[in-house]
Structures are given as C-alpha cells and as structure tokens.
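Listed below, chain by chain, are the residues.
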2 protein chains.
Amino acid sequence: MEFIKPYAALVEQELRSLPFPDVPETLYAPQRYILENGGKRVRPVLALMSCGICGKKPERALPAALAVELLHNFTLIHDDIMDQADSRRSMPSVHIKWDVPSAILSGDGLFVQSMLQLQRLSDDIDHKKVSGIFLEGINRVCEGQALDMEFENRQNVSADEYLSMIGGKTAALISASLVMGGLCGNADDRQIEHLDTIGTSLGLAFQIQDDWLDVTADPEKFGKRRAGDIYEGKKTFLMLNALENCSDTERSRIQVLLSEPVLTSEMVDEVLSLYKSCGAIDAAYNEFINYYRRAEEALHAFEQSPYKQDLLQLINYLKNREI
Amino acid sequence: MEFIKPYAALVEQELRSLPFPDVPETLYAPQRYILENGGKRVRPVLALMSCGICGKKPERALPAALAVELLHNFTLIHDDIMDQADSRRSMPSVHIKWDVPSAILSGDGLFVQSMLQLQRLSDDIDHKKVSGIFLEGINRVCEGQALDMEFENRQNVSADEYLSMIGGKTAALISASLVMGGLCGNADDRQIEHLDTIGTSLGLAFQIQDDWLDVTADPEKFGKRRAGDIYEGKKTFLMLNALENCSDTERSRIQVLLSEPVLTSEMVDEVLSLYKSCGAIDAAYNEFINYYRRAEEALHAFEQSPYKQDLLQLINYLKNREI
C-alpha cells in the first residue's frame, strides 16, 4: 500500500503532535497508549483523499481526519469493555492494562479530544455542518453497537438486520470520514451524496468480506484460525444468509450444530459444507464485490485527479485483500 | 424556589419533546430512563438565566441548556458505573437496571445527543465558539473525575488539590452552562469572564457546602445520616483542611481513626470534635461563603434585569440551603 503512505504519514505526524498532558494520568495515559498502539489509519486517510478528490489540498482536512481517528479509538476502548475483549492488536485492552473505570473515563475523554479537533478547522469551513455530519455518524455507530449486542441474545436475526447493524457499527464512520473530508474540500451536495455512497458501500463491503475471509482465507496469512466465527457462534452474513436460504432440514442441522457449547473441527467442517451447499459463501462474495463496485461507480462521478486514483487503488487493494 | 419554575418548565418541556426512538432499545431506553428520573435541572436553568442577563430572551439559549442537561446525565450514568453506585435519586442506576455494557453505550449516546443539541442553535450564534467552550468544560469534568479516582488511592492529598478536583468535576460544567448561555445572549468578552467567575465560584461553593452540610445539617432534613462522609472515609474539604492545620498529635489521631475499616459512632464523634477544634468546620464555612460572595460580586457587573434578580435569588437560596 505504497500509495497511502504519504497520507498516513501526515496523520501519524499530527497524532504525535497532540498535546496529551501528563496528568491526570488516569485520563491521559490510556489515550496515549491506544493511539500509540497503531492501526492502519484507514478512516483519516479516507478523509484526506476525499478532500483532495473535491479539489482542495488534503491537509485542509487534517482536523477532520484526526477527529475520526480519535473517535475510532474511543469506540475501540469502550467496545473492548462491552465485548469483554482482553487484547487488541496483540496488546492488553485498556480496561485490562488499567481497569474498567479508567477505560470508561479515558474513552469519554478521547471522544472530547476528537470533537475538539474540529475547533482547528479553517474558518471558511462550515464547522456546524461538519460536526453535525460527524455526530449523526457517531450516533449511527452507537445504534449499530446496540443492535450488535441485542443480536447476541436473539435467535431470529435476518441478513437485512445484519446489514443495518454493520451499516451503523462499521459503515457510518467510514461514510462520515469521506463526507467530512469532502466538506473540507468544499464539496457540493451532489458530491456529498456520492461520498456518502462510497463510504457506506466500502464499510459494508469490508465487513461482509471479513465474514467471507473467515472461512475462505489461508489461515497462515489471515493470522486467525479458519472459521473462527463458527467456533465462536458469531452471527455473520454467512450464517444468516445460510439460515434464510437453506432447506428446512439443512436449517435444523445448522441450528443443532451451532447450538453446541463447544464445536469440534468435524462439526465446523459440516457447518462449512452446509454454508457452501446452500450458496451462502458465494452469496457473501457477490454481496461484497457488489458493494465495492457500487463504491467505484460513485467515485467515477468525480473528475480525474491523483487523489481519485489513490482512492481507486485503495478500493482495489481492499477488494483483493487476503487478510 | 418559585422563581426558577418558569425556567425549569421550559427545560422540562424541551426534554419531553426530545425524539428518542424506540429502537435500538439498548441505546435509547436508558437515556429516557435517566432523563425521566428528574433532578433539579440547575445547569440548564443557569444557561437560560445567563442568556437573559446578557440581554436576550432566555429561550434563545434552550439548545445550550438542553446540551448541558443531557451532558450532565451522561456523566451520571458513567460516574455511577465508575463509583459502583447502585442507586441514584432512589432509583436503580442504569448499570444495575440494565447492565454495564448498556450503561456505557447509552451514556456515550447521550453525549452524542448532547452535542447534537447545539446544531439547533440560532444561525447568528457562533456554533464553533459555543461548542469549543462546552468541550473544554467537559474535558475539565473528565480531568476532575480522574483526579477524584486517583485521590482514593493516595494518602497525601492537599486541600488545594481537592479544590482543583472539584473545580473540574463540579464547577467546570456549571461555568460552561453560564458561559454558553451568555454566548447565546451575545455577551462580550468581559461579560464572559464574569460569567465564568460566577459559575466556577458557584460550583466550588456548592461542593464545599455539601461537605460542610454533611457534618452540620439536621439529618432529618438532610435525608442522609450525619457525617456520612466520615463513615465512608471520603476525602472532603473538611478532612483535608483538618489534616493540614491540626497539630501533629491531632493529625496522628485523625489518621488512626480514619484508617479503621469500620467506624463506630463514638469514633466519628471524636473525628468531628477534632475537625472542630482545629477549625476545619469554620474554615469550610468561610470558604464556601466566600465563593458565594465572589459569585455575587461578579454578577454585580451586569445591568439590572429580572433575570439578574432571579440569579441573585438562586445564589441566595443555595447559600442558605439546609439540605
């Protein structure tokens, strides 16, 4: 991903220059910790590219880019508490390294820092509009997380409901990144609509592809065990699509297998072959390829520019990723 | 408090008209619950009065007033998790009625709703400035909460550090309420400075008075047992002032008593008489009276108006409260 390096470098430089005070340590040390723990910085890079695509220098969108990256890291801290995830990027989660109260509080503080970044927007950018788009996006992320938690205790989740959940939890912030970047680049309403389509489509594509990679990727490259989602009983696009489209006999068998407290590798293989026979694996592939295509088509509405080329490359890279 | 009723009624009406969707329930039901659970709505009332004092109709500050009230309730949800407080205003806390994940998430969502209120500010109000003041205030609240948590595990907290903690945890949002109300009322920089002084002083006065009432109030009226803070070993202005100003013998005795895992009423009486003999009770009284006076003096800089009279009455009411 050579082509994203200049954007990512800008983001890293800004992140390093953030003035986190030393005290109170309970508030700021976890904020520094999660930000230093890396990540691919995809969202802020999208904000910068989007600003460039709309005809302004990407740097103009740096405050918006930082805002989405800080916001993303705030959601990671709180999600890890809610999901009882003990590690992230091979490091202990904030609530494990510190404790739950410190993780709640430092997450809240990171949300504040995220919003404060927008104070640095150039005066000729509509601050109210940018923060409105951002906040609506964050609220959709919260709705998505709520649905995700509710789905865990529900039997009858449909594939459509799943799409609406990831539309909030994953896609809303990616869309907000592109739209906010666009607003920094003086995008008009039509362009904003296209940027929203690109972001939403990319977010949905990425998540469905994640579900698909879980059962199709080379475990060596993927870095996770094959079909980990099935072992964990996670409701994925594949599971929900399979349950909707298989025969009654197949459905009963899948449900029996998935209701096992601990699945053997033989059981997982049987689930996998049922997913395959009822077309769920192909359906997931077609679904995410379709969303990537939708993103590319919406991008065609913009004039040629190196920034547009970079985003096309990024979409292509994501579409063909094996991990 | 007849004089605050018209302001509080405006706030209640706006709160009732907030469009909380029915789903996802995990996100919105706790938000409705905490807001319906009442409270005195002091912060939004202060925002409305402040706007009036600066020469505009209080209604102009309603979005800012709602924002501070929603923000306050967000802090209550998260603080109750952090402080492991099982009830609030005689009702189960959100994380008890639901669970910790729902409480974290619905708190986050309430923070979003709070910031979204500012989208409704009239177009001739500087949205960027109002949200900047608000966010800086919220960050100080986070810093105050962090200090409060750190103080629990520290022996050597000074009375000055305590003031700096409550300056964040309690006073920052009260100051932000008045300053945001002032900005909605087109206040100039000098007026903003006075409003900040009023808010900070009121916040500090209120908290120190709380500490003082804990040991001096009529338990029947106060609704809590006398010297509850001493039983709980809470670091209050009285404790820290006493430890700083007593003799070495008295200090050792206080420390021995407060280090008891469970205090008897005789022990608490002895602590109380030590607080008294080293002047801590009088010092707390003088301190909060002094802060109320500072608030009144700053208020004198404003022209006469019914709104100014109402705020003076409110300060007077708070100063003389017995609960």
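Residues numbered from 1 in each chain as written. Chains lettered and ligands numbered in written order. Predicted model: local features only at pLDDT ≥ 70, side-chain atom pairs only at ≥ 80, totals over all residues.

1. Remarks on the overall build of chain A
Consideration 1: Counting secondary structure elements, chain A contains 16 helices and two strands.
Consideration 2: Summarising its shape, the C-alpha atoms of chain A cover approximately 65 × 50 × 35 Å along the three principal directions. (Helix = DSSP H or I, 4+ residues; strand = E, 2+ residues; numbered from the N terminus.)

2. A word on the interface of chain A and chain B
Consideration 1: Counting residues at the interface gives 30 residues for chain A and 30 residues for chain B.
Consideration 2: Tallying contributions element by element places helix α7 (residues 127–152) of chain A first for the side of chain A that touches chain B, with 14 residues.
Consideration 3: Residue classes in the side of chain A that touches chain B are distributed as 17 nonpolar, nine polar and four charged. (Contact = placed C-beta atoms within 7 Å. Nonpolar A, V, L, I, M, F, W, Y, C, P; charged D, E, K, R; others polar.)

3. Concerning the relation of the copies chain A and chain B
Consideration 1: Superposing chain A onto chain B takes a rotation of 180° combined with a translation of 0.0 Å along the rotation axis, leaving an RMSD of 0.0 Å. Interpreted geometrically, this transformation is the action of a two-fold axis.
Consideration 2: The residues that chain A uses at the interface reappear at the interface of chain B in 100% of cases, marking a shared surface. (Least-squares fit on C-alpha atoms with pLDDT ≥ 70 in both.)

4. Overview of the nonpolar core
Consideration 1: Within the largest apolar cluster, 197 residues are counted, with the highest numbers of intra-cluster contacts made by A47, A64 and M180 of chain A together with A47, A64 and M180 of chain B.
Consideration 2: Those residues in contact with A64 of chain A that sit more than four places away from it in its chain are A47, L118, L121, V130, M180, G181 and C184 of chain A. (Core = buried A, V, L, I, M, F, W, Y, C linked by C-beta atoms within 7 Å. Buried ≥ 20, exposed ≤ 12 C-beta atoms within 10 Å, placed from the backbone.)

5. A word on the packing of helix α1 (residues 5–16) of chain B against helix α3 (residues 42–53) of chain B
Helix packing for two helices is described by the angle between their axes and how far apart those axes are.
Residues and elements named next belong to chain B.
Consideration 1: It is at 9 Å that the axes of α1 and α3 come closest, and there the two elements cross at 115°. Of the possible angle classes, the one that applies to α1 and α3 is roughly perpendicular. For the pair α1 and α3, the crossing hand works out as right-handed. Between α1 and α3, the contacting residues are Y7, A8, L10 and V11 on the first element and P44, V45, L48 and M49 on the second.
Consideration 2: Along the lines of polarity and charge, the residues of the contact of α1 with α3 split into eight nonpolar, no polar and no charged. (Axes fitted to C-alpha atoms, helices over the stretch in contact; angles between N-to-C directions. Parallel < 35°, antiparallel > 145°, perpendicular 65-115°, else oblique. Left-handed = near helix turned anticlockwise from the far one by under 90°.)

6. A short note on the environment of N241 of chain B
Residue and element names in this part refer to chain B.
Consideration 1: Considering the arrangement of structural elements, one finds N241 in helix α12 (residues 237–245).
Consideration 2: A C-alpha to C-alpha distance of 9.1 Å links N241 and D160, two positions 81 residues apart in sequence.
Consideration 3: Setting aside chain neighbours within four positions, we find N241 in contact with A159, A280, A283 and A284.

7. Structural notes on helix α16 (residues 306–319) of chain B
Three or four residues apart is the spacing at which side chains of an α-helix point the same way, because the helix has 3.6 residues per turn.
All names here are of chain B.
Consideration 1: Between its first and last C-alpha, α16 extends 20 Å over 14 residues, near the 20 Å set by a 1.5 Å rise per residue.
Consideration 2: For α16, the complete set of buried residues consists of Y307, D310, L311 and L314. The arc enclosing the buried residues of α16, seen along the axis, measures out at 95°, which places them on a common side. Opposite the buried face of α16, at more than 90 degrees from it, the exposed residues are P306 and N316.
Consideration 3: Contact partners of the buried residues in α16: α3 and α15 (280–299). (Expected span 1.5 Å × (residues − 1). Arc of directions from axis to C-beta.)

8. A short note on the confidence of the model for chain A
Consideration 1: Mean pLDDT over chain A works out to 96, with 100% of the residues at or above the 70 mark.
Consideration 2: Here the predicted complex carries an ipTM of 0.97, next to a pTM of 0.97. (pLDDT = per-residue confidence, 0-100.)

9. Brief notes about the environment of L243 of chain B
Residues and elements named next belong to chain B.
Consideration 1: The residue L243 is located in helix α12 in this model.
Consideration 2: By C-beta crowding, L243 is classed as buried, having 23 other C-beta atoms within 10 Å.
Consideration 3: Residues L243 and N153, 90 residues apart in the sequence, show an inter-C-alpha distance of 17 Å.
Consideration 4: In this view, L243 contacts R251 and I254; residues no more than four positions away in its chain are not counted.

10. Details of unusual backbone geometry
Consideration 1: With an omega of -5°, the peptide bond running from V23 of chain A to P24 of chain A counts as cis.
Consideration 2: Tracing the backbone shows P24 of chain A in the loop between α1 (5–16) and α2 (25–36).
Consideration 3: Within the chain, S90 of chain B stands out as a residue other than glycine whose phi angle is a positive 60°.
Consideration 4: Looking at the element boundaries, S90 of chain B is found in the loop between β1 (87–88) and β2 (91–92).

11. Some words on helix α3 (residues 42–53) of chain A
Residue and element names in this part refer to chain A.
Consideration 1: The end-to-end C-alpha distance of α3 is 16 Å, a good match for the 16 Å that twelve residues give at a rise of 1.5 Å each.
Consideration 2: Within α3, twelve of the twelve residues are buried, leaving the element largely enclosed by the surrounding structure.
Consideration 3: Here α3 has its buried residues at V42, R43, P44, V45, L46, A47, L48, M49, S50, C51, G52 and I53.
Consideration 4: At the exit of α3 stands G55, carrying a positive phi of roughly 105°.

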